[in-house]
Amino acid sequence: MVAIPQIPPISQKMFYIIIAIIIIVGLIFALLQFRRIRKAQKNLDSLTKETAQRKIDLVRRDLKSHGIKSDLVLPPEFPGSTTENKSTISDMGGSYSYDIREKIRDFESTTGFKKIQKSLGAIENREMQFERKEDKFEMDEQEFKRRISKFNGDK
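Residues numbered from 1 in each chain as written. Predicted model: local features only at pLDDT ≥ 70, side-chain atom pairs only at ≥ 80, totals over all residues. Heavy atoms only, no water.

## Some thoughts on the overall build of the protein chain
Rule in force here: Numbered from the N terminus, helices here are DSSP runs of H or I no shorter than four residues, and strands are runs of E no shorter than two. We call a residue buried when its accessible area falls under 20% of the maximum for its residue type, exposed when it is over 50%, and partly exposed in between, using a 1.4 Å probe and counting protein chains only.
Helix and strand counts for the protein chain come out as 3 helices and 0 strands. Along the protein chain, helices (α) and strands (β) appear in the sequence α-α-α when read from the amino end. Expressed as a percentage of its 155 residues, the buried residues of the protein chain come to 7%.

Next comes the structure, spelled out in structure tokens:
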């Protein structure tokens, strides 16, 4: 017969010590996880505020470039919201914004015209390529008969 080794009995005090150690290790692990979660939440909150600030800045720049009046005011919770940010774009003057709008229209029309010219050139190039290919495949009746006669002469 095979002898089964006997597990020495542990005392009740030792059992409680082992349970206490397991509980302490579990609490430490839980606290570390809680700390990581809090840190991630703080980073997320700061990134959310930063993206909102950037969106507002982009809208302001866009409105400013088009010369449109803007009364965007940052809430006090965003960083960089000072009295400087509360000034409106309408303070720049009407004639200046009109000039900007005219320049934007001219720029858009010239870029649009350039895009159309470029696409027209590409279309003309393709037409020329197709015409060259078509010329390769076109043949007159004489040429056709000559080529067919090669095959008929082999018989």
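## Concerning a nonpolar patch on the surface
To be explicit about the condition: Surface patches are drawn from residues lacking salt bridges whose relative accessible area is over 30%; two like charges belong together within 9 Å, two nonpolar side chains (Val, Leu, Ile, Met, Phe, Trp, Tyr) within 5 Å. The accessible surface values rely on the Shrake-Rupley method and a 1.4 Å probe; as for residues, cover is taken only from the protein chains in view. What makes a salt bridge here is a side-chain nitrogen of Lys or Arg within 4 Å of a carboxyl oxygen of Asp or Glu, nothing more.
A surface patch of nonpolar side chains, amounting to about 1,200 Å² of accessible area, comprises I10, M14, F15, Y16, I17, I18, I19, I21, I22, I23, V25 and L27. Mapped onto the fold, V25 is located in helix α1 (residues 12–66). The exposure class of V25 is exposed, given its relative accessible area of 53%.

## A look at the packing of aromatic side chains
To keep it simple, the criterion reads: Ring pairs shown here join Phe, Tyr and Trp side chains whose ring centres sit within 6.5 Å, with only the six-membered ring taken for Trp; geometry is labelled stacked below 30 degrees between planes, edge-to-face above 60, and tilted in between.
Throughout the structure, instances matching the rule amount to 1 aromatic pair. For the pair F15 and Y16, a centre-to-centre distance of 6.1 Å together with 55° between the ring planes defines the contact as tilted. Here Y16 falls in the partly exposed class, since its relative accessible area comes to 49%.

## Some remarks on α1
For the record, the criterion: Multiplying 1.5 Å by the helix residue count minus one yields the expected span of that helix.
The end-to-end C-alpha distance of α1 is 81 Å, a good match for the 81 Å that 55 residues give at a rise of 1.5 Å each. When α1 is considered as a whole, its buried residues turn out to be Q53, R60 and L63.

## Some remarks on the pattern of salt bridges
A side chain with one charge may pair with a side chain of the opposite charge, provided their charged atoms come close. Tallied over the entire structure, the rule returns 1 salt bridge. The residue R54 makes a salt bridge to E50 at a minimum N-O spacing of 2.8 Å. Linking R54 with E50, this pair stays in helix α1, spanning 4 residues, or about one helical turn. We classify R54 as exposed; its relative accessible area is 52%. Classification of E50 as partly exposed rests on a relative accessible area of 35%.

## Let's talk about the confidence of the model for the protein chain
Our working rule: Here pLDDT means the predictor's own confidence in every residue, given as a number from 0 to 100. Contacts between residues were defined by any pair of non-hydrogen atoms, one from each residue, lying within 4.5 Å.
Taken residue by residue, the protein chain gives an average pLDDT of 76. The fraction at 70 or more is 74%. Per-element confidence in the protein chain is highest for α1, whose mean pLDDT is 90, and lowest for helix α3 (residues 141–153), whose mean pLDDT is 75. When the criterion is pLDDT under 50, residues 81–93 qualifies, and its contacts beyond four places in sequence or with other chains add up to 17 contacts.

## Some points on a negative patch on the surface
Rules: For the purpose of counting charges, residues Lys and Arg are taken to be positive, whereas Asp and Glu are taken to be negative. His and the chain ends are not included. Where a charge lies is defined by one atom per residue type, namely NZ (Lys), CZ (Arg), CG (Asp) and CD (Glu).
A grouping of E124, E127, E131, E134 and D135 is seen on the molecular surface, where their side chains present a negatively charged patch. Tracing the sequence through the fold places D135 in helix α2 (residues 94–137). A relative accessible area of 53% places D135 in the exposed class.

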